[in-house]
Amino acid sequence: MFKWKKLGRIFNPLEIRDIEWMKEFAQAPSVLIFDKFIRVYFSCRPLPDENGQYVSYAGYVDLNRSNLSEIVNISKNPVLKLGEPGTFDEFGTYPTSVIKNGNDILAYYGGWTRCESVPFNVAIGLAVSQDNGTTFNKVGPGPILSYSPEEPFVLSGPKIRKFNDLWYLYYISGRKWIMADGRAEPVYKIRMATSSDGKNWIKINKDLIDSKVEEDEAQASPDVFFYQERYHMFFCYRYSTSFRSKEKGYRIGYAYSKDLINWIRDDTKVGMDVSEEGWDSEMLAYPHVFEIDNSIYMLYLGNQVGRHGFGLAKLESYKP
Amino acid sequence: MNWKKLGRIFDPTKYKLVNNCMEFAQSPQALVFDDFVRIYFSTRQKDKNGKYLSHISFIDIDKNFENIINVSSKTVIELGDLGCFDEHGIFPLNIVRDKDKVLGYIGGWSRRVSVSVETSIGLAISSDNGLTFKRIGAGPVLSSSLYEPFLVGDPFVAIYGNIYHMWYIYGTKWIISKTNSTPERVYKIGHATSKDGVAWQKDGRRIISNKLNPDECQALPTVIKFDNRYHMFFCYRQATDFRKNRDRGYRIGYAFSEDLNNWIRDDDNAGIDVSTNDWDSDMLCYPHVFHCDSKIYMLYNGNEFGRYGFGLAVLKS
């Protein structure tokens, strides 16, 4: 059982006035730890276009390492450009997951394109930074992980990890599109691939996490870390339809594993739920857990999947 | 090469086709039986918004290629589900006999917003001699990758030794200019190999050199082995103004290889060109070359990308 203490909202993009590409949303936080600060990457959006459609960019805020509630710096520009016409990431980069690799920093990200029959499709791209994560360049114009017979669309939510010299990519893959109230909504499940070089990936082609609320439960943000002789995964899940409500919206789930492949889901151990009121009273989504200075923290999104920013919680206690 | 044209052998406007398809018989692909040849092709239905959906049909024709003895009356393969790579069309369906099964490699089309389409390659298998096909999964077997960012399509698979070889095309850019009303694509021919026909390894390189210019579009490769050499036919065109301008439209190109690795382009030896005033006088495209009873044939499309059917040529020398 985990017990988390909420430390409140850390960043609210609606309070940023002078950055055109950062008007709303601060989604899918992912950290990179520096000596004096921690950099939190997230995806944000300018105002929608005349058709009400958004693009999303990756940016960051730097938090004071000795006081994580203090923002010491905000990215001036998106860290990654959107793709050229017809490429997989022409209309958005969301989410982004970063990892150090020697002197480079690698970013695995979901790239968004727009479709006619369904609103979008997503595939996973790779970009590299050689300036400590301030800017990233794409390794190539196409995705590094794309569609396959059992993973036909919506490959998104990458989380890059390295354990015992092997690279692990946790991500989600679309299972089906459901038409609800005239709108196509995707159902997706948590999947995994491994790699010896971070570039060439082998999918294990298996759903890692059992579904709980319904067969078409959508699962996202598979965030894995090692702690006390086990691998732990926090993720989020929701109903397939009407999920923009409190009752059927995102909550945080939990699973553990000995081998990173076989996972036992046990949401009773999450130790974290929606608040009575405030910015995270309707939803909890996109958890990201990290360790600094002998403490474990979770960044997460609240209502409207991060439209009003992300918050922080600190682990108070854990018993297997 | 010296091809003798045998004329147009199928005009889709003269037949009733399934799925309410009206025109087009594109990218013909042969499956040879003892007594007849089954020729698959992509034909088109208009959806409720007036946009095209490409469906697969076939004809069975006698081995003189004169009498059509059957036209498919059932759906050969359904289009893909909502949001899938082949939701809006299959063009082509490349047919490969593999022991007791018939493999169908799907050139799948789905519509996009900023550009017209995206394509990927899927696999379906027939256990009833090619009457119907079922996908191995809802997604593709070959799709976009780091350096082949979009428009992976036009599969052609052949099995040599224990290796499955796939020739295909991939997009290199979308050209957006003020003179074009819509973005136009540029694509090149690539090659991948597989041990099982399902998991593919791309070579990751363009295998056919350009002839016209760097934006030359190369499409629909077909490969055949004879006289101890591998021969590839394909079609190529200018990237823009290729639909109505006879001088910029598709022609048949040719390359040969001794080792399936290095290809030497030699269009002067393609041995087939447009007619002077006929169904194939403006363009030649979507070639498919096959053996049948010790002869070698080429199926191909003519004007308007096959709107009025396909023709046949036989190799004389």
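As the structure is a computational prediction, the values presented were derived from the model and not from experiment.

Asks: When you look at the sheet that holds strand E4 (residues 57–64) of chain A in this model, what are you seeing that I'm missing?
Replies: Each strand in a sheet pairs with another by means of backbone hydrogen bonds, the pair being arranged parallel or else antiparallel. Residue and element names in this part refer to chain A. On the basis of which strands lie adjacent, the open sheet formed by four strands has the order E2-E3-E4-E5 and antiparallel pairing. Only two strands of the sheet have a single partner each, and these edge strands are strand E2 (24–33) and strand E5 (67–74). Between one strand and the next, the sheet's axes are offset by a mean angle of 35°, whatever the strand orientation. In terms of strand pairing, E2 meets strand E3 (residues 37–45) through six bridges, oriented antiparallel. Bridge assignment links valine 31 to a residue of E3, and that residue is valine 40.

Asks: Where do I start with the nonpolar core in this structure?
Replies: The tendency in soluble globular proteins is for nonpolar side chains to be buried as a group. Counting residues in hydrophobic clusters, the biggest one holds 63 residues, and the most contacted among them are Phe11, Met22, Tyr170, Met233, Trp263, Tyr286 and Phe310 of chain A. If one sorts the elements of this core by residue count, strand E15 (residues 230–238) of chain A sits on top with five residues. Discounting chain neighbours no more than four positions away, the residues touching tyrosine 170 of chain A are Gly157, Pro158, Lys159, Arg191, Met192, Leu208, Pro222, Val224, Met233, Leu260 and Trp263 of chain A. Ala123, Val139 and Leu145 of chain A together with Leu146 of chain B belong to the second-largest nonpolar core, a separate cluster that totals 33 residues.

Asks: Got a minute to help me understand the environment of leucine 32 of chain A in this structure?
Replies: Residues and elements named next belong to chain A. Checked against the element boundaries, leucine 32 lands in strand E2. Residue leucine 32 is classed as buried on the basis of its relative accessible area of 4%. Spatially, the C-alpha atom of leucine 32 lies 14 Å from that of threonine 135, the residues being 103 residues apart in sequence. In this structure, leucine 32 is in contact with Phe37, Ile38, Arg39, Tyr41, Val98, Lys100, Ile105 and Asn132, ignoring residues within four places of it in sequence.

Asks: Whenever I open this one, the side chain of asparagine 64 of chain A confuses me. Can you help?
Replies: Residues and elements named next belong to chain A. Topologically, asparagine 64 is positioned in strand E4. At a separation of 2.8 Å, a polar atom in the side chain of asparagine 64 contacts the side chain of glutamate 70. Once you skip the residues sitting within four places of it in the chain, asparagine 64 turns out to touch Lys36, Glu70 and Val72.

Asks: Explain the environment of glutamate 148 of chain B to me, please; I cannot follow it from the model alone.
Replies: All names here are of chain B. Its place among the elements puts glutamate 148 in the loop between strand E9 (134–135) and strand E10 (150–160). With a relative accessible area of 3%, glutamate 148 lands in the buried category. Engagement of the side chain of glutamate 148 in a polar contact is seen with the side chain of tyrosine 168, the distance being 2.7 Å.

Asks: Would you explain the side chain of glutamate 185 of chain A in this entry?
Replies: Residues and elements named next belong to chain A. Here glutamate 185 is to be found in strand E12 (residues 183–195). Judged by relative accessible area, glutamate 185 falls into the buried class, the value being 7%. In terms of polar contacts, glutamate 185 uses its side chain to reach the side chain of arginine 244, at 2.9 Å. Apart from residues no more than four positions distant in its own chain, glutamate 185 is found in contact with Lys176, Trp177, Ile178, Ser240, Phe243 and Arg244.

What counts and what doesn't
Residues numbered from 1 in each chain as written. Chains lettered and ligands numbered in written order. Predicted model: local features only at pLDDT ≥ 70, side-chain atom pairs only at ≥ 80, totals over all residues. Heavy atoms only, no water. Pairing = 2+ DSSP bridges. Helix = DSSP H or I, 4+ residues; strand = E, 2+ residues; numbered from the N terminus. Axes fitted to C-alpha atoms, helices over the stretch in contact; angles between N-to-C directions. Core = buried A, V, L, I, M, F, W, Y, C linked by side-chain atoms within 4.5 Å. Buried < 20%, exposed > 50% of the residue type's maximum accessible area, 1.4 Å probe, protein only. Contact = heavy atoms within 4.5 Å. Polar contact = N/O pair within 3.5 Å; in protein donor to acceptor, adjacent residues only side chain to side chain.

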